[in-house]
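Coordinates in review
Below, each chain spelled out in residue letters.
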Amino acid sequence: MSEPMDDFAFCQTELKHLDPVRHFIALTAPEIHRPSLMVLFAFLATLNRIPAQVSTPEMGQIRLQWWRDIIADTQSGFGNGCGLANIGPLATALKQIQRQYRLSVEHLTAIVDALEFNLEHNPIPDETAYRNHVWQTDSLPMLLASQILNESEEPRLPEDLMESAGLASGLARHLQNWPLDATNRQLFLPLDSFTHHGVSLSDLFSGGLPEGLRIAIEELCQLARANHQSAMASLRQMPKEDSIRFSPAFLTLATVPRILSLRSKTPTGQLSVANWRHYWSIWRMAARF
């Protein structure tokens, strides 16, 4: 049986490999909370790579259901020699932080449920559906990270902060990756943002450059910028001790401006941002709080 610290060390190594930017973000948190944040972030990174690891949506659904079952199990003794202690280091560590910080089963399950969409090829139809999606994939992880930083007490964060931070981060990520997603015949941006300008789903997947595509991309960039500005304003308006405590949960916002600037200049090309540039932006934002 593995020891608890072995499980947490595994998560740190796994996170550094799968998502070095979030690994760097975790390092900005107080030392006592870093291992738990790395577990949460490693869990998210593991979920996000499932679509690339499976040959059919059904196989991915089986993996996601396994995680739902792990999250929902409140009876087994994880990590203490009984029950399902040998479920693997990531799952064992996740159950430990879930119990230690009283992380919501509903919130963790909602994240898993939202990522089931990544297995399908159906586009998100409109902005309302998109906002619901990124609430689960981006805002809820920020909320859970904030609860870890708040010593297991559910944080009382402004709802507009959670909405705007999640929307800005989600849009930036999806805008960065959309050409690559399109080659896989997937779209993780609201379809009506394109059809409103006469750009069909087949246009997006064909790799062409319809007249309305640049306009649609720029409007989505502007939406992300507006929400980034709103989220940053909300963070600055919080009491100083709260902004210091919770800022590591929102540091993905530091990566947003550079991605949006590049996407505005190159609406359809592949974007690659060196990790060190993200690290620099994260460090600068962290230093302000």
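Residues numbered from 1 in each chain as written. Predicted model: local features only at pLDDT ≥ 70, side-chain atom pairs only at ≥ 80, totals over all residues. Heavy atoms only, no water.

1. A word on helix α9 (residues 159-183)
Counted at 1.5 Å a residue, the expected span for α9 with its 25 residues is 36 Å, and the 35 Å between its end C-alpha atoms agrees. Where α9 bends most, at asparagine 177, the angle is about 55°, and the proline proline 179 comes one to four residues later. Following α9 by one or two positions, arginine 185 has its phi on the positive side, about 60°. (Helix = DSSP H or I, 4+ residues; strand = E, 2+ residues; numbered from the N terminus. Expected span 1.5 Å × (residues − 1). Bend = angle between axes of the 7 residues up to and from the residue.)

2. Re the nonpolar core
Grouped together as the largest cluster of nonpolar side chains are 61 residues, with contacts concentrated most on Phe43, Leu47, Trp67, Ile97, Leu235, Phe250 and Leu253. The greatest single-element share of this core, amounting to nine residues, is contributed by helix α3 (residues 34-48). Discounting residues that sit within four places of it in the chain, tryptophan 67 has contacts with Phe43, Thr46, Leu47, Ile50, Leu90, Ala91, Leu94 and Val112. (Core = buried A, V, L, I, M, F, W, Y, C linked by side-chain atoms within 4.5 Å. Buried < 20%, exposed > 50% of the residue type's maximum accessible area, 1.4 Å probe, protein only. Contact = heavy atoms within 4.5 Å.)

3. Description of the packing of aromatic side chains
This model, assessed by the stated rule, comprises six aromatic pairs. Residues tryptophan 66 and tryptophan 67 carry aromatic rings whose centres are separated by 4.9 Å and whose planes lie at 85° to one another, so their mutual orientation is edge-to-face. When its relative accessible area of 37% is taken as the criterion, tryptophan 66 is described as partly exposed. Ring-pair connections join several aromatic residues into one group, and the members of that group are Phe43, Trp66 and Trp67. Over the ring of phenylalanine 41 we find arginine 22, and its NZ or CZ is 5.2 Å from the ring centre. (Phe/Tyr/Trp six-rings, centres within 6.5 Å; stacked < 30°, edge-to-face > 60°. Lys NZ or Arg CZ within 6 Å of the ring centre and 35° of its normal.)

4. Observations regarding the side chain of histidine 33
Following the sequence through the fold, histidine 33 ends up in the loop between α2 (20-27) and α3. The buried category is assigned to histidine 33, whose relative accessible area is 4%. When near neighbours in sequence (up to four residues on either side) are disregarded, histidine 33 contacts Tyr101, Ile148, Leu149 and Glu151.

5. Considerations on the side chain of serine 152
Mapping serine 152 onto the fold places it in the loop between α8 (127-149) and α9. Exposure remark for serine 152: the relative accessible area of 11% places this residue in the buried category.

6. Re the confidence of the model for the protein
Residues shown with low pLDDT carry predicted positions that ought not to be read at fine detail. Averaged over all residues, the pLDDT of the protein equals 92, while 94% of them reach at least 70. Counted against residues more than four places away or in other chains, residues 79-84, with its pLDDT under 50, gives 11 contacts. (pLDDT = per-residue confidence, 0-100.)

7. Topic: the packing of helix α7 (residues 105-115) against α8
Where α7 contacts α8, the two axes come as close as 9 Å, and the packing angle between them is 145°. When you trace α7 past α8, the crossing you get is left-handed. Residues His107, Leu108, Ala110, Ile111, Ala114 and Leu115 of α7 form the contact with α8, whose participating residues are His133, Gln136, Thr137, Leu140, Pro141, Leu143 and Leu144. Across the contact of α7 with α8, the residue classes break down as nine nonpolar, four polar and no charged. (Axes fitted to C-alpha atoms, helices over the stretch in contact; angles between N-to-C directions. Left-handed = near helix turned anticlockwise from the far one by under 90°. Nonpolar A, V, L, I, M, F, W, Y, C, P; charged D, E, K, R; others polar.)

8. A few points about the environment of valine 54
Note that valine 54 resides in the loop between α4 (50-53) and α5 (57-72). Each C-alpha atom, one on valine 54 and one on alanine 9, is 26 Å from the other, the two residues being 45 residues apart in sequence. Once residues lying within four places of it in the same chain are set aside, the contact partners of valine 54 are Met59, Gly60, Arg63 and Leu119.

9. What about the pattern of salt bridges?
Counting across every chain of the model gives eight salt bridges. With a closest N to O distance of 2.6 Å, aspartate 113 and arginine 68 form a salt bridge. With aspartate 113 in helix α7 and arginine 68 in helix α5, this pair connects stretches of sequence that are 45 residues apart. On the basis of relative accessibility, which here comes to 36%, the residue aspartate 113 falls in the partly exposed class. (Salt bridge = Lys/Arg side-chain N within 4 Å of Asp/Glu carboxyl O.)

10. Here's the deal with the environment of leucine 47
Residue placement: leucine 47 occurs in helix α3. It is 19 Å that separates the C-alpha atoms of leucine 47 and asparagine 122, two residues lying 75 residues apart in sequence. Every residue in contact with leucine 47, bar those within four places of it in the chain, is listed here: Leu64, Trp67, Ile111, Val112 and Leu115.

11. Observations regarding unusual backbone geometry
Across residues other than glycine, the phi torsion is negative in most instances, and most of the peptide bonds are trans. Even without glycine at this site, arginine 102 takes up a positive phi of about 55°. Along the chain, arginine 102 falls in the loop between α6 (89-100) and α7. Even without glycine at this site, glutamate 151 takes up a positive phi of about 60°.

12. A look at the environment of arginine 214
For arginine 214, the position within the fold is in helix α12 (residues 211-237). The class of arginine 214 is partly exposed, set by a relative accessible area of 45%. In contact with arginine 214, not counting residues within four places along its chain, are Leu209 and Pro267.

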